[in-house]
Amino acid sequence: MSLADLKEDDALPKADQEPYRPWSYDLAATDLYIPRLKDGQQRWFAAVTRAGSKKQYARVLVLAEKAKSKRWEMVATVDLDNPSQLPKIVLDKDGYATAVDPASTSLAAPVDLLRSAVIDNFATGGDLTGRKVLAPTEAAKRQVKVHHDTIHKFGTRGTTQFASATTKFPAGYALKISTGALVVFSHSHTQHDAVAAPGLEIVPEKRDRAWLGTTPRPAFTYTFTCSDVAAVPTTPKPSSLLGYGCRRTDAEASGPGAAV
């Protein structure tokens with residue numbers, strides 16, 4: 001459960017709150033990928049853990065050591081849509097993985113371009129860069145579907161627009177695969193909902209109340225923080241988005257009397 005989940009849950013009526021369940025992973029069904037790093041580089045490693053009766057679910061984890069505290073933290077978790085699509089991570093003779101600079105121009109899509117492409121899937125349905133940079137995987141199609149479904153949710157009574165937001169966690173992590181790199185990164189985007197005519201208002205939904213309270217307003221802007229994982233080739237081909245997950249991490253009212 002993320003901090004955003006805890007905040008949302010705490011704002012719900014007691015009857016609607018879900019009991020907290022400590023999380024754990026089955027180490028017997030987890031593969032670790034530890035990269036060789038140079039002196040002075042941040043220490044990190046990745047893991048792929050599997051769950052389900054037939055281990056049919058997979059999640060990519062990235063853990064990094066914080067420079068000041070020297071404590072290890074999980075900095076990314078991303079569920080894979082199809083574990084069979086996970087490319088094989090290259091290991092050296094000693095069993096170590098190879099770290100790749102996710103911003104390297106040797107990759108067909110450096111991390112900033114990947115970030116722009118996934119945000120474009122939400123913002124335009126992939127019309128600008130999304131479909132050029134990313135292959136039509138299930139994860140990419142789901143992002144486009146979010147765009148198509150959400151912008152029409154109010155019908156003629158309101159509008160919804162997605163836009164890029166400052167990425168709170170700009171660091172990316174990448175490991176060498178035979179065709180390029182497996183890249184784990186974060187992006188942030190906003191969703192702005194507004195009524196189409198004076199006198200109309202939007203009622204905050206239950207999960208919004210941690211930030212917005214219960215007072216209807218003519219417009220709200222929500223911020224989402226997301227984790228993404230993609231297989232990126234070195235040759236000029238589309239990258240494959242293998243999975244992503246988003247959490248609402250902020251929201252604010254706009255328009256007359258917007259303070260909450």
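The coordinates are above.
Conventions adopted
- Residues numbered from 1 in each chain as written.
- Predicted model: local features only at pLDDT ≥ 70, side-chain atom pairs only at ≥ 80, totals over all residues.
- Heavy atoms only, no water.
- Helix = DSSP H or I, 4+ residues; strand = E, 2+ residues; numbered from the N terminus.
- Expected span 1.5 Å × (residues − 1).
- Contact = heavy atoms within 4.5 Å.
- Disulfide = S-S within 2.5 Å.
- Salt bridge = Lys/Arg side-chain N within 4 Å of Asp/Glu carboxyl O.
- Buried < 20%, exposed > 50% of the residue type's maximum accessible area, 1.4 Å probe, protein only.
- Pairing = 2+ DSSP bridges.
- Axes fitted to C-alpha atoms, helices over the stretch in contact; angles between N-to-C directions.

Draft legend 1. Representation of helix α2 (residues 111-124) within the structure. Counted at 1.5 Å a residue, the expected span for α2 with its 14 residues is 20 Å, and the 20 Å between its end C-alpha atoms agrees. At its buried positions, α2 is contacted by α3 (130-133), α4 (138-150), β7 (158-164), β9 (180-195), β10 (219-233) and β11 (240-254).

Draft legend 2. Inspection of the state of the cysteines at higher detail. Counted by the stated rule, this structure contains one disulfide. Disulfide partner of Cys 226: Cys 246, at an S-S distance of 2.1 Å. Taking the sign of the torsion about the S-S bond as the criterion, the disulfide between Cys 226 and Cys 246, at about 110°, is right-handed. Within this pair, whereas Cys 226 is found in strand β10, its partner Cys 246 is found in strand β11, the two being separated by 20 residues in sequence.

Draft legend 3. View of the pattern of salt bridges. Counted by the stated rule, this structure contains 14 salt bridges. The closest approach of N and O atoms between Asp 26 and Lys 55, which form a salt bridge, is 3.6 Å. Residue Asp 26 is found in the loop between α1 (3-10) and β1 (30-33), and its partner Lys 55 is found in the loop between β3 (44-51) and β4 (57-65); the two are separated by 29 residues along the sequence. On the basis of relative accessibility, which here comes to 38%, the residue Lys 55 falls in the partly exposed class. In this structure, Asp 112 and Arg 115 form a salt bridge, with 3.0 Å as the shortest nitrogen-oxygen distance. Within this pair, Asp 112 and its partner Arg 115 are both found in helix α2, separated by three residues, close to a single helical turn. Three or more residues are tied together by salt bridges with common partners; here these are Arg 36, Asp 92, Lys 93 and Asp 94.

Draft legend 4. Spatial organisation of the sheet that holds β1. What the four strands build is an open sheet, ordered β1-β3-β4-β5; its pairing is antiparallel. In the strand order of this sheet, the two ends are held by β1 and β5 (72-79), each with one partner. For this sheet the average axis-to-axis angle between neighbouring strands, irrespective of direction, equals 20°. Pairing analysis gives four bridges linking β1 to β3, with the strands arranged antiparallel. When the sheet's bridge partners are listed, Thr 30 is paired in β3 with Thr 49.

Draft legend 5. Fine view of the pairing of β9. The element β9 is largely enclosed, with a buried count of 14 among its 16 residues. Relative to β9, β7 runs antiparallel, the two sharing seven bridges. If you follow Phe 162 over to β9, its bridge partner there is Gln 191. Sheet topology note: the strand β8 (residues 173-177)/β9 ladder contains five bridges and is antiparallel. In the strand pairing of β9, Leu 175 is matched with Leu 182. Between β8 and the antiparallel strand that follows it, β9, lie two residues. Across 15 bridges, β9 lies against β10 in antiparallel orientation. Its bridge partner lying in β10, His 189 is registered against Phe 224.

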